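What follows is the residue order along each chain.
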Amino acid sequence: MTATAPREEQLWSRCAGCASLLYRKRLRRNLDVCPECGEHARLGAPERLRQLVDPGSLGLMPDQLPETDPIDFVDVLPYPHRLSAARASTGLSEAVVCATATIGGHPAVLAVMDFRFLGGSLGCAVGELITRAAERALDDRVPLILITASGGARMQEGALSLMQMATVSQAIAALREAGLLTVSVLTDPTYGGVAASFATNTDLVLAESGARMGFAGPRVIRQVTGRALPEGFQSADVLLRHGQVDMVVQRRSLRGRLAALLAATRAARPTRPPVPRQEPAPRRERLADAAPAGGDTPAVRDAWDTVRLARHPGRPTTLDYLDSVFDGFLELHGDRLGGDCPAVVGGVARLADRHVMVIGHQKGHTTAELVARNFGMASPAGHRKALRLMRLAARLGLPVITLVDTPGADPGVSAEEQGQAAAIAENILTLTVLPTPVLAVITGEGGSGGALALAVADRVLMLENAVYSVISPEGCAAILWPDRSAAPQAARALRLTAPDLCRLGVVDEVVPEPSTAAHDDPAETAHRLRAALLSNLLPLLDVPPAMLVRLRRQRFRRFGMARAGARAGAR
Ligand SMILES: [Zn+2]
């Protein structure tokens with residue numbers, strides 16, 4: 001609903017669906033659903049909670065986190081100014097409100113996102129608050145209900161936002177292991193990193209009537225495909241038809257439906273004692289405060305030049321490395337569900353005398369190769385092939401090595417229809433608990449959720465001229481700057497280079513490239529990569545799988561605290 005004239009704002013609203021002028025109080029009584037056409041207007045988190053929970057049962061969880069700007073992001077406005085404006089206009093401290101409550105007498109923990117606050121974007125604080133809500137559900141042994149509304153990960157917090165997809169997913173995995181129900185309710189709109197993680201990797205996924213959900217947004221897909229989108233694309237009813245949600249629920253039925261689901265699963269709920277919670281690891285240093293790297297630091301290159309090197313067509317691909325770094329690669333194909341994605345290759349190989357499972361994105365050097373490999377943009381079938389190979393590796397006791405080089409996941413119409421968001425989400429969740437060593441290397445472009453789907457690992461390495469980012473510099477520029485020509489500025493603001501990400505703790509080690517770049521001396525690059533893989537993999541082989549998973553969880557759990565710790569560091 002959009003407001004009419006300012007003076008009338010309190011009294012009347014115009015329906016976004018049928019343009020009827022509606023009396024505000026009548027609309028509110030009808031749960032903000034248009035009585036004329038059934039359009040479900042967006043709800044803020046406080047109103048959503050009021051509609052869903054039993055009166056008097058609401059206990060708001062603390063939402064005050066020490067605040068900062070972890071990568072000192074500035075577009076046309078400094079990030080702290082955007083945050084203050086969002087706070088002033090919503091009265092909320094962040095884009096999520098978490099609470100304990102009962103619904104139909106059944107206790108649950110709820111995390112409700114609010115789209116009005118910076119588009120419901122997922123940053124470190126939002127990730128931390130939702131993770132705490134999940135931990136509270138685990139402690140209390142009650143179900144977790146997530147009400148999602150988000151444009152995706154928060155660009156202004158760079159790759160640290162991307163890490164939140166893993167942080168929250170592993171909290172969901174812990175509830176899954178403990179036999180506690182997780183439910184997400186998709187509300188309009190749910191996109192990007194939120195769709196590709198906790199909105200779809202819960203036990204049950206409900207969609208509110210009229211909600212739209214997808215990995216790529218309609219504007220991006222139209223731009224990429226140059227075609228009009230099918231009728232109802234990404235809408236709740238179409239998602240249901242494509243098998244991506246359990247049910248579509250009218251707002252007036254939502255509370256009753258949740259109560260019934262909680263009741264149905266309550267009988268089966270185990271009553272084991274609570275699992276002790278892991279303390280988050282110590283904070284990371286704020287980027288600007290971090291000490292400069294040691295004496296043999298390579299010359300500092302402009303971030304935009306690095307982006308161009310990372311995309312250089314001569315840069316070695318995953319198949320090149322499989323040939324030069326590994327021996328005896330046996331490629332395994334197929335997702336066993338109907339597809340084999342050429343943008344992802346995987347199979348068993350030897351590294352020195354060890355057998356390993358290698359999975360990576362495949363680009364190409366010529367236009368024909370790039371087209372045949374869909375430019376390294378994985379379809380859902382590609383993510384599901386990777387998932388199958390990861391699980392196979394764990395069963396066989398093989399370590400997993402992933403080579404990440406993708407502009408992002410395939411943003412096409414059929415990718416969306418086949419469940420791109422859920423496919424990425426399932427990989428991220430599975431990697432957080434995979435009981436075998438996982439070593440990831442960002443070799444070229446680490447593009448957003450598509451990269452993270454192969455990069456939740458015990459150790460994350462990055463080639464010196466690779467980039468890893470929550471969004472492409474062009475995409476970021478188009479949203480936050482007046483136009484796409486600001487891509488070089490966006491590249492600098494996003495902190496997407498290997499040295500920056502190493503300082504932020506997103507990456508553990510930078511693998512130096514030969515003097516100009518990898519494409520000038522692929523043999524030397526391969527030699528250095530092999531040495532780095534061996535020195536990082538061998539210590540992991542001695543760690544028992546349960547311990548590996550625990551340490552991996554700590555590695556990703558600490559990113560939620562990055563924001564909280566940074567202020568302490570700054571003061
Ligand atoms: Zn209407």
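Structural data are supplied above this passage.
None of these values were measured; they are calculated from a predicted model.

Chemist: Looking at this structure, how should I read the coordination of the zinc ion?
Modeler: When a metal carries six donors in an octahedron, the ideal angles between them are 90 or 180 degrees, while four donors in a tetrahedron ideally lie at 109.5 degrees. Taken together, the protein ligands of the zinc ion are Cys-15 (SG), Cys-18 (SG), Cys-34 (SG) and Cys-37 (SG), with distances of 2.3 to 2.4 Å. Taken together, the 4 donor atoms coordinating the zinc ion and their angles of 105 to 113 degrees define a geometry best described as tetrahedral. Mapping the donors of the zinc ion onto the primary sequence gives the spacing C-x2-C-x15-C-x2-C. In this pair, Cys-18 sits in the loop between strand 2 (12–14) and strand 3 (21–23) while Cys-34 sits in the loop between helix 1 (24–29) and helix 2 (45–52), placing the two residues 16 residues apart along the sequence. For Cys-18, a relative accessible area of 32% gives the class partly exposed. Here Cys-34 falls in the buried class, since its relative accessible area comes to 3%.

Chemist: Looking at this structure, I do not really get the packing of helix 13 (residues 380–396) against helix 15 (residues 420–432). What am I missing?
Modeler: For any two helices packed against each other, the geometry comes down to the angle between their axes and how far apart the axes lie. Helix 15 packs onto helix 13 with a crossing angle of 20 degrees between their chain directions and a minimal axis gap of 8 Å. Compared by their axis directions, helix 13 and helix 15 come out roughly parallel. Where helix 13 crosses over helix 15, the handedness of that crossing is left-handed. On the side of helix 13, the interface is formed by Pro-380, His-383, Arg-384, Ala-386, Leu-387, Met-390 and Arg-391, while helix 15 contributes Gln-420, Ala-423, Ile-424, Glu-426, Asn-427, Thr-430 and Leu-431. Considered class by class, the residues forming the contact of helix 13 with helix 15 number 7 nonpolar, 4 polar and 3 charged.

Chemist: Got a minute to help me understand the pattern of salt bridges in this structure?
Modeler: Applying the stated criterion across every chain yields a total of 33 salt bridges. Its salt-bridge partner being Lys-385, residue Asp-340 comes within 2.7 Å of it at the nearest N-O pair. Taken together, the residues span a long stretch of sequence, with Asp-340 in the loop between strand 12 (327–331) and strand 13 (344–351) and Lys-385 in helix 13 at a distance of 45 residues. Look at Lys-385 and you get buried, because its relative accessible area is 1%. One salt-bridge network, held together by shared partners, links Arg-24, Arg-28, Asp-32, Glu-47 and Arg-50.

Chemist: Where do I start with the packing of helix 17 (residues 473–480) against helix 18 (residues 487–494) in this structure?
Modeler: Between helix 17 and helix 18, the shortest axis-to-axis distance is 8 Å and the interhelical angle comes to 105 degrees. As judged from the angle between their axes, helix 17 and helix 18 are roughly perpendicular. Where helix 17 approaches helix 18, its residues Pro-473, Glu-474, Cys-476 and Ala-477 are matched on the opposing element by Ala-487, Ala-490, Ala-491 and Leu-494. Among the residues making up the contact of helix 17 with helix 18, the classes are represented as 7 nonpolar, no polar and 1 charged.

Chemist: Looking at this model, I keep getting lost on the pairing of strand 16 (residues 438–447). Mind explaining?
Modeler: Within a regular strand, the side chains alternate between the two sheet faces. By the criterion of burial, strand 16 is predominantly enclosed, with 10 of the 10 residues buried. Two elements, strand 15 (residues 400–406) and strand 16, share 6 bridges in a ladder whose sense is parallel. Within strand 16, the residue paired with Thr-402 across the bridge is Ala-440. Where strand 16 meets strand 17 (residues 459–463), 4 bridges bridge the pair, whose relative direction is parallel.

Quick notes on the rules
- Residues numbered from 1 in each chain as written.
- Predicted model: local features only at pLDDT ≥ 70, side-chain atom pairs only at ≥ 80, totals over all residues.
- Heavy atoms only, no water.
- Donors = N, O, S within 2.8 Å, 3.2 Å for Na, K, Ca; no water.
- Tetrahedral: all angles 85-135°; square planar, octahedral: opposite > 155°, others 65-115°.
- Helix = DSSP H or I, 4+ residues; strand = E, 2+ residues; numbered from the N terminus.
- Buried < 20%, exposed > 50% of the residue type's maximum accessible area, 1.4 Å probe, protein only.
- Axes fitted to C-alpha atoms, helices over the stretch in contact; angles between N-to-C directions.
- Parallel < 35°, antiparallel > 145°, perpendicular 65-115°, else oblique.
- Left-handed = near helix turned anticlockwise from the far one by under 90°.
- Contact = heavy atoms within 4.5 Å.
- Nonpolar A, V, L, I, M, F, W, Y, C, P; charged D, E, K, R; others polar.
- Salt bridge = Lys/Arg side-chain N within 4 Å of Asp/Glu carboxyl O.
- Pairing = 2+ DSSP bridges.

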